[in-house]
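Here's the letter readout for the chains.
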Amino acid sequence: MKLSTPFSTALTGPAKNKLAVLLALLLIFMSGCAYYNTLFNAKQSSKDGLKAIRQAADQERLPNTAKRHFETTIEKCWKLIELYTDKSKYADDALLYIVKSEFHLGKYAQAKLHAEQFMKKYPESELIPEVHLWYGKLLLQEHDIDEANKYFIRVITNAKDGRIRSQANLELGLYAFENEDYQKAIDYLRKALKEKVDDEYKARLHYYLAESYYIQKSYKEAIKRYRNVDDYSPTVDIEYKTNIHLARALAALEKYDDAEKLLRKMLTAPRFKEFVPVIKATIGEIYQKQGQLDEAMYIYREVVRSRQKSPGSALAAFNLAKIYENRFNNLDSAVTYYGEVSKLYSKFDSVDVAKSKNRFLNEFKTIREQIRYEERLVDRLKNDSFFRDSLYTAQ
């Protein structure tokens, strides 16, 4: 029986050469697809990490889901650089994603090192302005303010991408905001809004602009800016904070019904489920402002009983403790609720005050009981002859 000739050997010279070329092109195409897919997946992981941050109730702590996404981004980007070398087409993209992911993970020293490597290795990259932006943010983490500002100004001056320029203005605005220079913050934020940016980012800028007015007690202007946020596409965390602060601004102008209506509407929205304790505690504060103490205490107790670990639960316990201490002179209940604050949310902004109050009132209770005991003893010595005789006999 005659064996069949392999297809490749059966081809004549020209046909064989054409097949080799086609196979080589196919291999290059497949390699390019794998390369692109690796970078695409890394970018998607980064986006998912940012989304997890924006949806988190606790903005001071990186959610575990976000942490996993950023770690995946770093892993895929290093894999891409290792497989295709640091001279490949998208190596600079990969290194920038590593820098940004390390920043979000709080690995600032590593992120700074890799940003410096980027600037040294890819000085002509079109991504340089964005690297300068992140390098400035890393310098802020080291409190090197002057140097950070130099990089932000460089971005504003040189970046062609309005989105990058806007972010640099935002960073300068936030720094001014944190240093209570609210007029300068407003100036930078307005400049950031002039750039062509997406709606989600624009909503964020309007929020911080409103905050600058709110802290200066310019409530009417703040309310106007808070309402602008809804005109765009705010993320859940920005929408939540906007509505909470809008309600507080309305209450500051004694528009209590409008404030409560807004907060009650938030309670019906599933996307705000994680924020329910804060929403309810804010409603309690609005009742308290109106002198409706029973209603305020009722809702505070309801929040505390839920035992949900949240700033709102800690706020409700703290407010209850203050009411019992200052309005009713009920030290036992005050001590109890001050003690609940750190248990309900250890990062609550007044947790140290609550702990101090708890210790002080406990000590005060002990001293008060001792004084009462001694007063009763003196009274019996003065007025109870049988008690005096018993002491005399015992002596």
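We now turn to the structure provided with this report. These numbers were taken from a predicted model, which means no experiment stands behind them.

## A short note on the overall build of the chain
On a plain count of helices and strands, the chain comes out with 19 helices and zero strands. Counting every position in the chain, which comprises 395 residues, the buried fraction comes to 45%. Within the chain, residue pairs in contact and separated by at least 24 positions form 52% of the contacts whose partners lie at least 6 positions apart. With an accessible surface of roughly 23,200 Å², the chain has 51% of that area assigned to carbon and sulfur atoms.

## Examining the side chain of K100
Mapped onto the elements of the fold, K100 is located in helix α4 (residues 91-104). Apart from the residues within four sequence positions on either side, K100 is in contact with E130 and W134.

## Side note on the nonpolar core
With 71 residues, the main nonpolar core has L263, F272, I279, V341 and F348 as its most contacted residues. Beyond its immediate stretch of four places on either side in the chain, I279 contacts I244, L263, M266, L267 and F272. In this structure, I81, Y97, L140 and A168 belong to the second largest nonpolar core, which totals 37 residues.

## Some remarks on the environment of L133
One can find L133 in helix α6 (residues 128-141). We classify L133 as buried; its relative accessible area is 0%. Separated by 31 residues in the primary sequence, L133 and I164 have C-alpha atoms spaced 7.5 Å apart. Residues in contact with L133, not counting those within four places in the same chain, are F152, V155, I164, Q167, A168 and E171.

## Considerations on the pattern of salt bridges
Any two side chains of opposite charge can pair if their charged atoms end up close together. A full pass over the atoms with the stated rule returns 15 salt bridges. Taking the shortest distance from any N to any O, the salt bridge between E239 and R271 comes out at 2.8 Å. Placement of the pair is E239 in helix α12 (residues 236-252) and R271 in the loop between α13 (256-267) and α14 (276-289), with a sequence separation of 32 residues. For E239, a relative accessible area of 14% translates into the label buried. Among the residues examined, R271 registers a relative accessible area of 46% and is labelled partly exposed.

## Some details on helix α3 (residues 64-84)
Compared with the 30 Å implied by 1.5 Å per residue over 21 residues, the 30 Å span of α3 between its first and last C-alpha is a close match. Taken together, the buried positions of α3 are A66, F70, T73, I74, C77, L80 and I81. Projected down its long axis, α3 carries its buried residues within an arc of 130°, all on one side. For α3, exposure combined with an orientation more than 90 degrees from the buried face picks out N64, E75, E82 and L83.

## Describing helix α8 (residues 162-178)
Between its terminal C-alpha atoms α8 stretches 24 Å, which fits the 24 Å expected from 17 residues at 1.5 Å a residue. For α8, a buried count of 14 out of 17 residues is recorded, marking the element as mostly surrounded by other parts of the structure. Sitting at the head of α8, D161 places a side-chain oxygen 2.9 Å from the backbone nitrogen of R163. Of the residues flanking the end of α8, it is E180, one or two places downstream, whose phi is positive at about 65°.

## Overview of the packing of aromatic side chains
One pass over the structure, following the stated rule, counts 15 aromatic pairs. Ring centres 6.5 Å apart and planes at 45° place the aromatic pair Y207 and Y226 in the tilted group. Of this pair, Y207 sits in helix α10 (residues 199-215) while Y226 sits in helix α11 (residues 219-229); the two residues are 19 residues apart in sequence, bridging distant segments of the chain. Comparing Y207 with Y226, the two get one shared label, buried. Here the guanidinium or amino end of K137 rests over the ring plane of F103, the centre of that ring lying 5.2 Å away. Seen from the ring of W134, K137 lies directly overhead, with NZ or CZ sitting 3.7 Å from the centre.

Cut-off values and rules
Residues numbered from 1 in each chain as written. Predicted model: local features only at pLDDT ≥ 70, side-chain atom pairs only at ≥ 80, totals over all residues. Heavy atoms only, no water. Helix = DSSP H or I, 4+ residues; strand = E, 2+ residues; numbered from the N terminus. Buried < 20%, exposed > 50% of the residue type's maximum accessible area, 1.4 Å probe, protein only. Contact = heavy atoms within 4.5 Å. Areas by Shrake-Rupley, 256 points an atom, 1.4 Å probe, with all protein chains shown as cover. Core = buried A, V, L, I, M, F, W, Y, C linked by side-chain atoms within 4.5 Å. Salt bridge = Lys/Arg side-chain N within 4 Å of Asp/Glu carboxyl O. Expected span 1.5 Å × (residues − 1). Arc of directions from axis to C-beta. Polar contact = N/O pair within 3.5 Å; in protein donor to acceptor, adjacent residues only side chain to side chain. Phe/Tyr/Trp six-rings, centres within 6.5 Å; stacked < 30°, edge-to-face > 60°. Lys NZ or Arg CZ within 6 Å of the ring centre and 35° of its normal.

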